[in-house]
Amino acid sequence: MTEESTVELPAGIRVGVETPTEDATFTLTERPTGDRRAVTVDSVERALSELTERCRTWPQAAAVCDDVLRSLDPAGPTRSGLITESLAYSTLQSGPEFARWLAGRGPATAPLLPEPVQAHRDGNTLHVRFNRPQRHNAFSTDARGALLEALEVARLDPSVNEVVLGGNGRSFCSGGDLAEFGSFADPASAHLARTRHSPALVLDELAARLGRRCRADVHGQVLGSGLEMACYCGWVSCHPDATLGLPELALGLIPGAGGTVSITRRIGRWRTAYLVLSGRTIGAATALAWGLIDEVGISR
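All values derive from a computational prediction rather than experimental measurement.

K.L.:
Could you give me a rundown of the sheet that holds strand β12 (residues 282–283), with the residues and numbers involved?
P.N.:
Paired through backbone hydrogen bonds, the strands of a sheet run either parallel or antiparallel to each other. Strand order across the open sheet formed by 3 strands is β9-β11-β12, with mixed pairing between neighbours. Each edge of the open sheet carries a strand with a single partner, namely β9 (221–223) and β12. Note that strand β11 (residues 243–245) and β12 share 2 bridges and pair antiparallel. Paired with Thr243 across the two strands is Gly283, which belongs to β12.

Structural data, given as structure tokens:
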């Protein structure tokens, strides 16, 4: 394998080796690099083997992920990116890979927990916290509704000049509640719910107005939709214990809470694709070096 080789994996995923290229899905290297098109791994050969297996297992989701990320204009309107992502997500929801995951999971019911989001105002600062600590603040339909209601205060009241998003318990947010997946009436209805009732759009609007005073304080598990929403904030402060990642491919899906927009804006499409296709998580130090977060701190 030469330093300038490109390896084609199942689903048409093209991975560069050692020398970053614009056209590759991403490039793997064993050398330290600040090039956002490349990811440093312990062993390129082992990483390629793992990626090959994952792309072979979930070829449709892998291909759709690559398509969506290549289609996105990070400087373009947030809503347009969200619509593209959501339509692709709905397509995969009706596909065989997600159906296979649902069959393997079996029947499940997400528990309804009281007050899934807590909010209080301290002067001109609005504090909003996920409050399903028993489930690592897994994001549910009732949590989405409560989050939108809380954020609406800041959206409509110009006297609110700071918003702080956090999570109670051991984690910020572990992503979508898996017990709820598959409960949608149909993919079209799910698409309309995602795009008409989107915390991502509200957080994006608040960050445009408040800048770094729209802040996410993350810790513990910061996965899937939790990471995707946090990255819309103007500033992300991360506890050293945090684990960050995008696990959706293993469900036969791609990020569906706006992450193809928010995360790509922070770290580029290449490293975003790596997080999705590899399923690997990263720690706070790597997230800071990549620009996925803005600081490592210890407050919660």
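There is more to say, and it comes next.
K.L.:
Can you tell me about the pairing of strand β8 (residues 214–218), naming the residues and giving the values?
P.N.:
Of all the 5 residues making up β8, 4 are buried; the element is thus mostly covered by neighbouring parts of the structure. Bridge count between strand β7 (residues 162–167) and β8: 3 bridges; the pairing is parallel. Bridge pairing in β8 places Val163 opposite Cys214. Of the strand pairs in this sheet, β8 and strand β10 (residues 235–238) are connected by 4 bridges, and their pairing is parallel.

K.L.:
For the packing of aromatic side chains, give the residues involved together with the corresponding values.
P.N.:
Applying the stated criterion to the full structure yields 6 aromatic pairs. Both rings, one in Trp101 and one in Phe181, keep their centres 6.1 Å apart while their planes meet at 65 degrees; by these two values the pair is edge-to-face. Here Trp101, found in helix α4 (residues 96–105), pairs with Phe181, found in the loop between β7 and α6 (187–196); they are 80 residues apart in sequence, far enough to count as distant. Here Trp101 and Phe181 have matching classes, each one buried. Between Phe130 and Phe172, the aromatic rings sit 5.3 Å apart at their centres with planes inclined by 75 degrees, giving edge-to-face as the arrangement. Highlighted residues: Phe130 in strand β6 (residues 125–130) and Phe172 in the loop between β7 and α6, separated in sequence by 42 residues. For the pair Phe130 and Phe172, one class covers both residues: buried. Through pairs of rings, three or more aromatic residues link up here, namely Phe98, Trp101, Phe181 and Phe184. Positioned over the ring face of Trp235 is Arg212, at 3.8 Å from the centre of the ring.

K.L.:
Which residues make up the nonpolar core, and what are the values?
P.N.:
Within the largest apolar cluster, 86 residues are counted, with the highest numbers of intra-cluster contacts made by Phe26, Leu28, Phe130, Leu147, Leu244 and Leu292. In terms of residue count, the dominant contributor to this core is helix α9 (residues 259–278) (9 residues).

K.L.:
How would you explain the sheet that holds β8 if you had to name every residue and give the values?
P.N.:
Here we have 6 strands laid out as an open sheet, ordered β5-β6-β7-β8-β10-β13, and mixed in their pairing. Sheet topology places β5 (117–122) and β13 (295–296) at the edges, where each strand pairs with a single neighbour. Bridging between β5 and β6 involves 6 bridges; their strand directions are antiparallel. Looking at β6, one finds that Asp122 is bridged to Thr125.

Criteria and cut-off values
Note that residues are indexed from 1 along each chain, following the sequence as it is written. Thresholds applied to this predicted model are a pLDDT of at least 70 for local features of residues and 80 or more for the giving and counting of side-chain atom pairs; totals over whole chains, interfaces and linings are not thresholded and use all residues. By convention in this description, side-chain values take in all heavy atoms of the structure and omit both hydrogens and water. Strand pairing is assigned whenever DSSP detects at least two bridges linking the two strands. Here a strand is any run of E in DSSP of at least two residues, a helix any run of H or I of at least four, and the numbering for each starts at the N terminus. Relative accessibility thresholds used throughout: buried, under 20% of the residue-type maximum; exposed, over 50%; partly exposed, between the two (1.4 Å probe, protein chains only). Each pair of aromatic rings taken from Phe, Tyr and Trp, with Trp reduced to its six-membered ring, is defined by centres within 6.5 Å and is described as stacked if the planes are under 30 degrees apart, edge-to-face if over 60, and tilted in the remaining cases. Definition used: whenever NZ (Lys) or CZ (Arg) falls within 6 Å of the ring centre and also within 35 degrees of the ring normal, the charge is taken to sit over that ring. Among the buried residues, those of types Ala, Val, Leu, Ile, Met, Phe, Trp, Tyr and Cys that are joined through side-chain atoms within 4.5 Å form a nonpolar core.

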